[in-house]
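Listed here are the chains, written in short residue letters.
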Amino acid sequence: DAILDLPQPNSSEEGGEGEVEQELVLAIKRIRMKPKVKVNLRYPPSQNEPDSTIELYAGENLRLAMLVRGVKLNDPLAKRFDTKSGGNCGAGGLCRTCAVSVLRGKEVLNPQKISEKQMLEDNPRWRLSCKAFVGYGMQEGEITLQINPRQWGQDSEEWS
């Protein structure tokens, strides 16, 4: 539609009557598919949710991608890092309600920054999903996550 809407060349500019020769140059860049990351989600038994799998594209923020796909992340057992009270920080990286436990595939996530490492130093397998991006380095892969890891008992893989 955009090409059809281009104005016609003015024939008077070409020196008069007759047909005007037109040349159209179309440059096509190589199309590259974005790498995909398979994310296996395991829910705590108390949530009565079946385990599921979602597919994300490299570069997607883990928290936002899961929320858009209906994954319930806000852990009521979480305490904010700054005030030690409850409450959601809205992806500011302070409340820890979006923490997930990475059981497999941590190499497909971006590296943790210092502040996230400090906040989760007692749980080295955990990541704040608001600070995690999948497909680090444009790589494909597979990740297995425990959602709301505080709600899992000590017999889960998180504690092994």
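Just so it is clear, the model here is predicted, and its values are computed rather than measured. (Residues numbered from 1 in each chain as written. Predicted model: local features only at pLDDT ≥ 70, side-chain atom pairs only at ≥ 80, totals over all residues. Heavy atoms only, no water.)

Once that is clear, we can look at the overall build of the protein chain. Across its full length, the protein chain carries two helices and five strands. Listed by position from the N terminus, the elements making up the protein chain come as β-β-α-β-α-β-β. Split into buried and exposed, the 160 residues of the protein chain put 36% on the buried side. By sequence separation, contacts in the protein chain at least 24 residues apart represent 63% of the contacts at least 6 residues apart. With an accessible surface of roughly 10,700 Å², the protein chain has 51% of that area assigned to carbon and sulfur atoms. (Helix = DSSP H or I, 4+ residues; strand = E, 2+ residues; numbered from the N terminus. Buried < 20%, exposed > 50% of the residue type's maximum accessible area, 1.4 Å probe, protein only. Contact = heavy atoms within 4.5 Å. Areas by Shrake-Rupley, 256 points an atom, 1.4 Å probe, with all protein chains shown as cover.)

With that settled, consider the environment of Cys 130. With respect to the element layout, Cys 130 can be found in the loop between strand 4 (126-128) and strand 5 (141-147). Looking at Cys 130, the relative accessible area reads 8%, which means it is buried. Spatially, the C-alpha atoms of Cys 130 and Arg 96 are 9.0 Å apart, while their sequence positions differ by 34 residues.

By volume, the second largest pocket amounts to about 200 Å³. Around the second largest pocket, the lining comprises 14 residues; the ones closest to its centre are Lys 106, Glu 107, Gln 112, Pro 124 and Arg 127. Elements supplying a minimum of two residues to the lining of the second largest pocket: strand 3 (99-104) and strand 4. Looking at side-chain class alone, the lining of the second largest pocket contains six nonpolar, three polar and five charged residues. (1 Å grid on protein atoms, 1.4 Å probe; cavity = no way out; pocket = protein on both sides within 12 Å on 5 of 7 lines; lining within 4 Å. Points joined across faces, edges and corners; volume = space filled by probe spheres on them. Nonpolar A, V, L, I, M, F, W, Y, C, P; charged D, E, K, R; others polar.)

Bringing the pattern of salt bridges into the picture now. A full pass over the atoms with the stated rule returns four salt bridges. Of the charged contacts in the structure, one is a salt bridge between Lys 36 and Glu 55, with a shortest N-O distance of 3.6 Å. Of the two residues, Lys 36 is situated in strand 1 (residues 36-42) and Glu 55 in strand 2 (residues 52-57); the sequence distance between them amounts to 19 residues. (Salt bridge = Lys/Arg side-chain N within 4 Å of Asp/Glu carboxyl O.)

A word on the nonpolar core. The biggest cluster of nonpolar side chains holds 27 residues, and the ones touching the most others in it are Leu 41, Leu 62, Met 66, Ile 143, Leu 145 and Ile 147. Among the secondary structure elements, those contributing two or more residues to this core are strand 1, strand 2, helix 1 (62-68), strand 3, strand 4 and strand 5. Among all residues touching Leu 41, those that are not within four sequence positions of it are Asp 51, Ser 52, Ile 54, Met 66, Val 71, Leu 145 and Ile 147. (Core = buried A, V, L, I, M, F, W, Y, C linked by side-chain atoms within 4.5 Å.)

Here we take up the sheet that holds strand 4. Pairing is mixed in the open sheet, where five strands are placed in the order 2-1-5-3-4. Two strands in the sheet have a free side with no partner beyond their single neighbour: strand 2 and strand 4. Across the sheet, the mean angle from the axis of one strand to that of its neighbour is 35 degrees, orientation sign disregarded. In the sheet, strand 3 pairs with strand 4 via three bridges, with the strands oriented antiparallel. Looking at strand 4, one finds that Ala 99 is bridged to Leu 128. (Pairing = 2+ DSSP bridges. Axes fitted to C-alpha atoms, helices over the stretch in contact; angles between N-to-C directions.)

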